[in-house]
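# Understanding the architecture of this molecule
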Amino acid sequence: MNKAVFLDRDGTINVDVNYLYRIEDFRFIEGMPQFIKKFNDWGYKVIVVTNQAGIARGYYTEKDMNKLHRFINNELKKIGAHIDAFYYCPHHPDITGPCHCRKPESGMILQAINDFNIDVKQSLLFGDKMWDIESAEKCGIKGFLV
Ligand SMILES: [Mg+2]
């Protein structure tokens, strides 16, 4: 089994600007690339779980978001770090109805646990909102508010 560190994206990996999708608006929170590299080196899967209601709202597309995620990994590569996978929720309850993936639900984490054979007891999550922590704790993963 694998151990994993789950990371929220906006406000945890990068400075939170509303409905980020433009590469030119992306800025790492200081120290995050090095933080991610530590977990890579320690043998953790590094997995992003992010609510992206901007897709439901039509502010940007999944293609835009994927482009940003490729950019993030290219930046990390410069210091020998990487994110193993990005899971995102493109929904918003007012627009697309309820779903199981939008945090504080834990569909994204459960999917990753299944995809990567994750041991929840050896795993942790960092996020900047209580919904991040709740989403992790529903799966038995210890969550830390940053
Ligand atoms: Mg956040």
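Anyway, here's the lowdown on the structure attached to this text. (Residues numbered from 1 in each chain as written. Predicted model: local features only at pLDDT ≥ 70, side-chain atom pairs only at ≥ 80, totals over all residues. Heavy atoms only, no water.)

### A closer look at the side chain of histidine 92
Mapped onto the elements of the fold, histidine 92 is located in the loop between strand 3 (85–89) and helix 4 (93–96). Residue histidine 92 is classed as buried on the basis of its relative accessible area, which comes to 9%. A distance of 3.2 Å separates the side chain of histidine 92 from the side chain of arginine 57, its partner in a polar contact. In contact with histidine 92, other than residues within four places in its own chain, are Ala53, Ala56, Arg57, Gly97 and Arg102. (Helix = DSSP H or I, 4+ residues; strand = E, 2+ residues; numbered from the N terminus. Buried < 20%, exposed > 50% of the residue type's maximum accessible area, 1.4 Å probe, protein only. Polar contact = N/O pair within 3.5 Å; in protein donor to acceptor, adjacent residues only side chain to side chain. Contact = heavy atoms within 4.5 Å.)

### Things to note about the sheet that holds strand 1 (residues 4–7)
Taken in spatial order, the five strands line up as 3-2-1-4-5 in an open sheet, and their pairing is parallel. This sheet does not close on itself; its edge strands, each paired only once, are strand 3 and strand 5 (142–145). Along the sheet, successive strands turn relative to each other by an average axial angle of 20 degrees, direction set aside. Alignment of strand 2 (residues 45–51) against strand 3, held across five bridges, turns out to be parallel. By the bridge assignment for strand 3, valine 49 is matched with tyrosine 87. Against the sheet, helix 1 (residues 32–41) contacts strand 1, strand 2 and strand 4 (124–127), and its axis sits at roughly 155 degrees relative to strand 1. In the packing of helix 5 (residues 107–116) onto the sheet, the strands contacted are strand 1, strand 2, strand 3 and strand 4, and the crossing angle to strand 3 comes to about 150 degrees. (Pairing = 2+ DSSP bridges. Axes fitted to C-alpha atoms, helices over the stretch in contact; angles between N-to-C directions.)

### Quick notes on unusual backbone geometry
The peptide bond linking lysine 103 to proline 104 adopts the cis configuration, its omega dihedral lying at 20 degrees. The backbone of tyrosine 19 shows a phi angle near 55 degrees, a positive value even though the residue is not glycine. With respect to the helices and strands, tyrosine 19 occurs in the loop between strand 1 and helix 1.

### Points about the pattern of salt bridges
Scanning the entire structure with this criterion turns up seven salt bridges. Between aspartate 10 and arginine 9 there is a salt bridge, with its nearest N and O atoms 2.9 Å apart. In this structure, aspartate 10 and arginine 9 share a single accessibility class: buried. The salt bridge involving arginine 22 is made with aspartate 25; its shortest N-O contact spans 3.3 Å. (Salt bridge = Lys/Arg side-chain N within 4 Å of Asp/Glu carboxyl O.)

### Some details on the coordination of the magnesium ion
Those protein atoms acting as donors to the magnesium ion are Asp8 (OD), Asp10 (O) and Asp128 (OD), and they sit at 2.1 Å. Mapping the donors of the magnesium ion onto the primary sequence yields the spacing D-x1-D-x117-D. Aspartate 8 sits in the buried class, given a relative accessible area of 5%. (Donors = N, O, S within 2.8 Å, 3.2 Å for Na, K, Ca; no water.)

### Topic: helix 6 (residues 130–137)
Every buried residue of helix 6 is listed here: Asp132, Ile133, Ser135 and Ala136. The buried residues of helix 6 all sit within an arc of 160 degrees when viewed along its axis, so they share a single face. As for helix 6, its buried residues are in contact with helix 5, strand 4 and strand 5. (Arc of directions from axis to C-beta.)

### Comments concerning the packing of aromatic side chains
For the structure on display, the rule yields 10 aromatic pairs. Centre to centre, the rings of tyrosine 21 and tyrosine 60 are 5.4 Å apart; their planes meet at 25 degrees, and the pair counts as stacked. Pair noted here: tyrosine 21 is in the loop between strand 1 and helix 1 and tyrosine 60 is in the loop between helix 2 (53–56) and helix 3 (62–77), with a separation of 39 residues, a long-range link. The exposure class assigned to tyrosine 21 is partly exposed, which follows from its relative accessible area of 24%. Where phenylalanine 39 meets tyrosine 44, the ring centres are 5.0 Å apart and the plane angle is 80 degrees; that geometry is what we call edge-to-face. Classification of tyrosine 44 by relative accessible area gives buried; the value is 18%. An aromatic cluster is built from Phe35, Phe39, Trp42, Tyr44, Phe126 and Phe144, whose rings are joined through pairwise contacts. (Phe/Tyr/Trp six-rings, centres within 6.5 Å; stacked < 30°, edge-to-face > 60°.)

Such coordinate-based values are descriptive only and should not be taken to indicate function.
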